[in-house]
Amino acid sequence: MRLAGAYNGFRFRRQLKWRREMYKKQLPALLAENGPLTRPPIELKDGWALDTTKSLPHLDRVLEDSEKIIAARAGTRTSATGAYRSYFQDVWTPADLETYPSFLDFATSSDVLSAVSHALGFIPAFSTTTPNGIRFVESNAQFDDNPNQPHDSQLHHIDFYSVPSVYVLVLLRDTTHASGPWTFVPRAASQKAAAKLKYWSRERPFRLSDELVYSALDRKQVIEFAHPRGAVLFIESSACFHYGSRNSVEPRFQLMLAYTGVRRTDFSELFMTENVFPIHESDSRLRKMVLHKNTPITFF
Ligand SMILES: [Fe+2]
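This structure is a prediction, so every number in the text was calculated from the model and none was measured.

Parameters at a glance
- Residues numbered from 1 in each chain as written.
- Predicted model: local features only at pLDDT ≥ 70, side-chain atom pairs only at ≥ 80, totals over all residues.
- Heavy atoms only, no water.
- Donors = N, O, S within 2.8 Å, 3.2 Å for Na, K, Ca; no water.
- Helix = DSSP H or I, 4+ residues; strand = E, 2+ residues; numbered from the N terminus.
- Buried < 20%, exposed > 50% of the residue type's maximum accessible area, 1.4 Å probe, protein only.
- 1 Å grid on protein atoms, 1.4 Å probe; cavity = no way out; pocket = protein on both sides within 12 Å on 5 of 7 lines; lining within 4 Å.
- Points joined across faces, edges and corners; volume = space filled by probe spheres on them.
- Nonpolar A, V, L, I, M, F, W, Y, C, P; charged D, E, K, R; others polar.
- Pairing = 2+ DSSP bridges.
- Expected span 1.5 Å × (residues − 1).
- Contact = heavy atoms within 4.5 Å.

Topic: the coordination of the iron ion
1) Next: Those protein atoms acting as donors to the iron ion are His157 (NE2), Asp159 (OD) and His242 (NE2), and they sit at 2.2 Å.
2) Next: Mapped onto the polypeptide sequence, the residues donating to the iron ion form the spacing pattern H-x1-D-x82-H. Remark: His242 occurs in strand β9 (residues 242-243) and Asp159 occurs in the loop between β4 (134-139) and β5 (166-171); sequence separation between them is 83 residues.
3) Next: The class of Asp159 is buried, set by a relative accessible area of 3%.
4) Next: In this structure His242 comes out as buried when scored by relative accessible area, which is 3%.

Here it is as structure tokens:
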């Protein structure tokens, strides 16, 4: 992580500085140009914020379009037996970006970007490698090769790919404990436990058992993102322990938007084909910055 951070920090040093400066000096102007806030700014506290008003801009369109995608693609396992994270599949396709513009309209709305920018301290960019900037995921116990034993991302971990990063998660169907909700520990308790467990040292694996994590923090601090359809969670996934998709006997449908900086803390950009998000001439500068990770500064 340190090596990748140093490498990418050098490689993208101009964009890094630029995104920080644009945040410090021009965020209000960029937001105004992108569209007015529709409510008091959403603020992440202790690494997270929850909006259950179901009234964020474009959310109604996202939910409507989600039903079409679910009707066409859900319930069919696409991975082979024994596949990594077989219980969790992303049914999003690149063509959906243009077929269903509601998703990017929601992801780049000023209410969402204000919250994410303030949490990160720079103008964020959609992740172009791992995880994909936009995922439409179905979690389903029927696809799980080993539903009774938590494994892979069903175990506690803190994301390391690009630190810091924020997820915006949207429940596309009503979600309860039986759906294997995305489950997390707020930032302060996570950081304290990570230090206690020496989480980032060589002696610890990336995924931790419940037993180990609950030896370092009170289990009561764990929060399940289980709400009716349309709930939105803003979460610093690079700072908070989390897991999800445990025994999703009721299939879980969730939109996962991943916002990062330009200085990733992995080398994925060196060996993965980067995802491209559509940009149109008429898009606001802020939207262009979010949808084009390594935006040339000459764009402006
Ligand atoms: Fe994760």
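This is not the end of the story, as more comes after the structure.
Digging into empty space enclosed by the protein
1) Next: Counted by the stated rule, this structure contains two cavities of 30 Å³ or more.
2) Next: If you add up the space inside the largest cavity, you get close to 50 Å³.
3) Next: What lines the largest cavity is a set of 13 residues, among which Pro131, Tyr161, Ser165, Tyr167 and Thr260 lie closest to the centre.
4) Next: Here the lining of the largest cavity gets three residues from one element, more than from any other, and that element is strand β10 (residues 252-260).
5) Next: Looking at the lining of the largest cavity residue by residue, the class counts come to five nonpolar, six polar and two charged.
6) Next: In this model, the second largest cavity occupies a volume close to 30 Å³.
7) Next: Lining the second largest cavity are Gln15, Leu16, Arg19, Arg20, Phe122, Gly261 and Val262.
8) Next: Of the residues belonging to the lining of the second largest cavity, the class tally is three nonpolar, two polar and two charged.

What about the layout of surface pockets?
1) Next: Quantified by volume, the largest pocket comes out at close to 370 Å³.
2) Next: The wall of the largest pocket is formed by 21 residues, among which Arg85, Phe88, Pro131, Arg135 and Tyr167 lie closest to the centre.
3) Next: Secondary-structure elements contributing two or more residues to the lining of the largest pocket are β2 (88-90), β9 and β10.
4) Next: Residues of the lining of the largest pocket, tallied by class, amount to eight nonpolar, seven polar and six charged.
5) Next: Looking at side-chain class alone, the lining of the second largest pocket contains five nonpolar, two polar and three charged residues.

A few points about the sheet that holds β9
Neighbouring strands of a sheet are bound in pairs by backbone hydrogen bonds; such pairs are parallel or else antiparallel.
1) Next: The three strands are arranged β7-β6-β9 in an open sheet whose pairing can be described as antiparallel. The open sheet has two free edges, formed respectively by β7 (223-224) and β9, since each of these has just one partner strand.
2) Next: Strand direction decides the pairing type here: strand β6 (residues 183-184) and β7, joined by two bridges, are antiparallel. Its bridge partner being in β7, Thr183 is matched across the sheet by Glu224.

Notes on helix α3 (residues 59-73)
1) Next: In this model, α3 (15 residues) spans 21 Å end to end at C-alpha, consistent with the 21 Å of a helix rising 1.5 Å per residue.
2) Next: Listed in full, the buried residues belonging to α3 are Leu59, Val62, Leu63, Asp65, Ser66, Ile69 and Ile70.
3) Next: Contacts from the buried residues of α3 go to α4 (96-99), α5 (102-107), β4, β5, β8 (232-235) and β10.

Section: the pairing of β5
1) Next: With six of six residues buried, β5 lies mostly within the body of the structure.
2) Next: Alternating positions in β5 separate into two faces, Val166, Val168 and Val170 on one and Tyr167, Leu169 and Leu171 on the other, with burial throughout.
3) Next: Where β5 meets β10, six bridges bridge the pair, whose relative direction is antiparallel. Bridge pairing in β10 links Val168 to Leu257.
4) Next: When β5 meets β8, the two strands line up antiparallel, connected through four bridges. When the bridges of β8 are listed, Tyr167 appears paired with Ile235.

Remarks on the environment of Thr81
1) Next: One can find Thr81 in the loop between α3 and β2.
2) Next: Exposure remark for Thr81: the relative accessible area of 73% places this residue in the exposed category.
3) Next: With 66 residues separating them in the primary sequence, Thr81 and Pro147 have C-alpha atoms 13 Å apart.

A short note on the pairing of β4
Each regular strand displays side chains that alternate between the two surfaces of the sheet.
1) Next: Counting buried residues along β4, six of its six residues qualify, which places the element largely inside the surrounding structure.
2) Next: Side chains of β4 alternate between two faces, with Ile134, Phe136 and Glu138 and Arg135, Val137 and Ser139 buried alike.
3) Next: For β2 and β4, the ladder comprises three bridges, and the chain directions are antiparallel. Each residue of the ladder has a partner; that of Gln89, found in β4, is Glu138.
4) Next: Where β4 and β10 come together, six bridges link them in antiparallel fashion. Looking at β10, one finds that Glu138 is bridged to Phe253.

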